[in-house]
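Overview (structure and organization)
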Amino acid sequence: MFSSAEIGIDLGTANLLIYTKNKGIVYNEPAVVAIDTTTQNVLAVGEEAKQMIGKTPQNIVPVRPMKDGVIADYEVTSQMLKEMLKKVSKKLGHSLRKPSVVVCVPTGATSVERRAIHNAIKEYGAKYVHLIEEPIAAAIGAGLPVDEPVSNMVVDIGGGTSEVAIISFGGIVSSQSTRVGGDKIDQAIIQHVRKKYNVLIGERTAEQVKIQIGYALIDHPEETMEVRGRDMVSGLPKTIALTSTEIQKALQESLEQILEAIQTTLESCPPELSGDIVDQGITLTGGGALLKGMQEWLSNEIDVPVHIAPEPLECVAIGTGKSLKMITKLQKATK
């Protein structure tokens, strides 16, 4: 069914990960492309392009072609995939000729969005393209027994979306997708600093604030962090000190939306499977799982054990790759 080159792609809003059968994860870089607007040529992809954000001349534009987990700019996504797969071929020392590709999509993706992802991969020269829903890939990557008649609940907090799903027999029984993720949390920090201090900070600074002093809604010893931005009144550079307590308040709305999606999914869960969730608990995957206090806060709110997957950032990519073996089972289960 599959050719020798089998790869799994986690086409995420923030990062693009590529998994191969023999080597595991061979590529993990930001989903960013730097384009020269005069020639429309791709100048850099991945980490190299991310470093350019906010620092380039007018004719060079760093673009994130994925928005909310789906393709926002089809042409740029196709170019990004080609460049990234070239990088992987170099790394592996051989070209990925007509690979069989499994790529994950958010549960809320429309048929048009799914077709765009399918076509972008097919255009690279893939022999076979199979789309797998993100929560199923996350569950496989987290090592959960997805093909058994036991309910597994996964909360995948990514860059663009948060996917909540209850999985049993290889299919999604109940799910919710909310367009709240790492990006929206970064935006909440930017807005807070702008409103309170009249200072404009960039996306990369906001992300550093989130990682260093961002907390879920739990009590914690207050931490401070100095950040630099542009004073919106004078237009000059300015340094300000932020506290973890004020950042926590800025994140409250986004976190509550994720909690609401979890509660809605649990409410629509068949009673037979609810008992399993109380026993098995909920597994957190995606970058958002690493926000300080996330596990503690969620377990307090929903009275169910909450676990963080062993490699939360890589779960979806690992699951996408592993699903190559399980694909026949999953296809039977979801038909």
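Residues numbered from 1 in each chain as written. Predicted model: local features only at pLDDT ≥ 70, side-chain atom pairs only at ≥ 80, totals over all residues. Heavy atoms only, no water.

To keep things clear, this is the line we draw: UniProt positions are given in the numbering used here, feature names are shortened, and annotations may be inferred rather than shown by experiment.
You'll find the protein entered in an unreviewed UniProt entry as Cell shape-determining protein MreB, with Salinibacillus aidingensis given as the organism. A UniProt comment under Function (unreviewed entry) is attached to the protein, and it reads "Forms membrane-associated dynamic filaments that are essential for cell shape determination. Acts by regulating cell wall synthesis and cell elongation, and thus cell shape. A feedback loop between cell geometry and MreB localization may maintain elongated cell shape by targeting cell wall growth to regions of negative cell wall curvature." Of the comments in the UniProt record for the protein, the one headed Subunit (unreviewed entry) reads "Forms polymers."

1. Considering the overall build of the protein
Selection rule: Helix and strand labels come from DSSP, where a helix needs a run of H or I of at least four residues and a strand needs a run of E of at least two; each type is numbered from the N terminus. The globule rule is 2.2 Å times the number of residues to the power 0.38, and the radius of gyration it is compared with is taken over C-alpha atoms. A 1.4 Å probe rolled over the protein chains alone gives each residue an accessible area, and that area as a share of the maximum for its type sets the label: buried under 20%, exposed over 50%, partly exposed in between. Note on definitions: a residue-residue contact is assigned when non-hydrogen atoms from the two residues lie within 4.5 Å. In this tally, Lys and Arg are treated as positive and Asp and Glu as negative; His is ignored, and so are the chain termini. Where a charge sits is defined by one atom per residue type, namely NZ (Lys), CZ (Arg), CG (Asp) or CD (Glu).
Each helix and strand in the protein was counted, giving ten helices and 18 strands. Relative to its length of 335 residues, the protein is compact, with a C-alpha radius of gyration of 20 Å against a globular reference of 20 Å. Each principal axis of the C-alpha atoms in the protein carries an extent, and together these give about 65 × 55 × 30 Å. Expressed as a percentage of its 335 residues, the buried residues of the protein come to 51%. For the protein, contacts bridging at least 24 residues in sequence account for 62% of all contacts bridging at least 6. Of the side chains in the protein, 34 bear a positive and 40 a negative charge, and the two mean positions are spaced by 10 Å.

2. Here we look at the side chain of D186
In this fold, D186 is placed in helix α5 (residues 182-197). Judged by its relative accessible area of 8%, D186 is buried.

3. Concerning the packing of helix α2 (residues 74-92) against helix α3 (residues 111-124)
When two helices pack together, you describe them by how their axes are tilted relative to each other and by the distance separating the axes. Where we set the bar: Axis angles are defined between N-to-C directions and span 0 to 180 degrees, where every axis is a line fitted to C-alpha atoms and, for a helix, only to the segment in contact. Oblique is the label for every angle not falling under 35 degrees (roughly parallel), over 145 degrees (roughly antiparallel), or within 65 to 115 degrees (roughly perpendicular). Handedness of a crossing follows from how the near helix is turned relative to the far one, being left-handed for an anticlockwise turn of less than a right angle and right-handed for a clockwise one.
Where α2 contacts α3, the two axes come as close as 9 Å, and the packing angle between them is 45 degrees. As judged from the angle between their axes, α2 and α3 are oblique. Of the two elements, α2 crosses α3, and the hand of that crossing is right-handed. Together, Y74, S78, L81, K82, L85 and S89 of α2 and A116, N119, A120, I121, E123 and Y124 of α3 make up the contact between the two elements.

4. Digging into the sheet that holds strand β18 (residues 306-308)
Threshold: Strands qualify as paired when DSSP identifies two bridges or more between them.
Strand order in the open sheet formed by five strands is β13-β12-β11-β17-β18, with mixed pairing between adjacent strands. Pairing within the sheet leaves two strands with one partner each, and these edge strands are β13 (171-178) and β18. With direction set aside, neighbouring strand axes in the sheet form an average angle of 20 degrees. Each of β11 (152-157), β12 (162-168), β13 and β17 (282-285) is contacted by helix α4 (residues 134-141), which is oriented at about 70 degrees to β12, the strand it contacts most. Each of β11, β12, β13, β17 and β18 is contacted by helix α8 (residues 271-280), which is oriented at about 115 degrees to β12, the strand it contacts most.

5. Overview of unusual backbone geometry
We note that Q40 has phi near 65 degrees; this positive angle belongs to a residue other than glycine. Mapped onto the elements, Q40 comes out in the loop between β4 (33-36) and β5 (41-45). When its relative accessible area of 49% is taken as the criterion, Q40 is described as partly exposed. Positive phi outside glycine occurs at F169, with the angle close to 55 degrees. Its location among the elements puts F169 in the loop between β12 and β13. Assessed through its relative accessible area of 51%, F169 is described here as exposed.

6. A few points about the packing of helix α7 (residues 244-267) against helix α9 (residues 294-302)
Quick note on the threshold: Each residue is assigned to one of three groups, with Ala, Val, Leu, Ile, Met, Phe, Trp, Tyr, Cys and Pro labelled nonpolar, Asp, Glu, Lys and Arg labelled charged, and all others, Gly among them, labelled polar.
Following both chains from N to C, one finds α7 and α9 inclined at 45 degrees, their axes separated by 11 Å at the closest point. When the interaxial angle is binned, α7 and α9 end up oblique. Relative to α9, α7 is oriented so that their crossing is right-handed. For the pair α7 and α9, the contacting residues are L255, E256, L259, I262, Q263 and L266 in the first and M294, W297, L298, E301 and I302 in the second. Grouping the amino acids of the contact of α7 with α9 by side-chain chemistry returns eight nonpolar, one polar and two charged.

7. A closer look at the nonpolar core
Counted only if it meets this: Throughout, nonpolar core names a set of buried Ala, Val, Leu, Ile, Met, Phe, Trp, Tyr and Cys residues whose side chains join them through atoms within 4.5 Å.
Of all hydrophobic cores here, the largest spans 42 residues; its most connected members are I262 and M294. Non-local contacts of M294, meaning those with residues more than four positions away in its chain, are made with I157, A216, L255, L284, G288 and A289. L85, V105, A109 and A116 belong to the second-largest nonpolar core, a separate cluster that totals 31 residues.

8. Side note on the environment of G141
Tracing the chain through its elements places G141 in helix α4. Between the alpha carbons of G141 and I282 there is a distance of 14 Å; along the sequence they are 141 residues apart.

9. Some remarks on the sheet that holds strand β2 (residues 15-20)
With mixed pairing, the five strands of this open sheet are ordered in space as β3-β2-β1-β9-β10. Sheet topology places β3 (24-30) and β10 (128-133) at the edges, where each strand pairs with a single neighbour. Adjacent strand axes in the sheet meet at a mean angle of 20 degrees, parallel and antiparallel pairs treated alike. As paired strands, strand β1 (residues 6-11) and strand β9 (residues 100-105) are joined by four bridges and run parallel to one another. Counterpart to E6 in the pairing with β9 is S100. Strand contacts of α2: β1, β2 and β3, with the helix running at about 135 degrees to β3, the strand carrying the most contacts.

10. With respect to the pairing of β2
In terms of burial, β2 is a largely internal element, five of the six residues being buried. Both β1 and β2 contribute to a ladder of five bridges, which runs antiparallel. Bridge pairing in β2 places L11 opposite L16. Between β1 and β2, which follow one another and run antiparallel, lie three residues. Between the end of β2 and the start of β3, which pair antiparallel, lie three residues.

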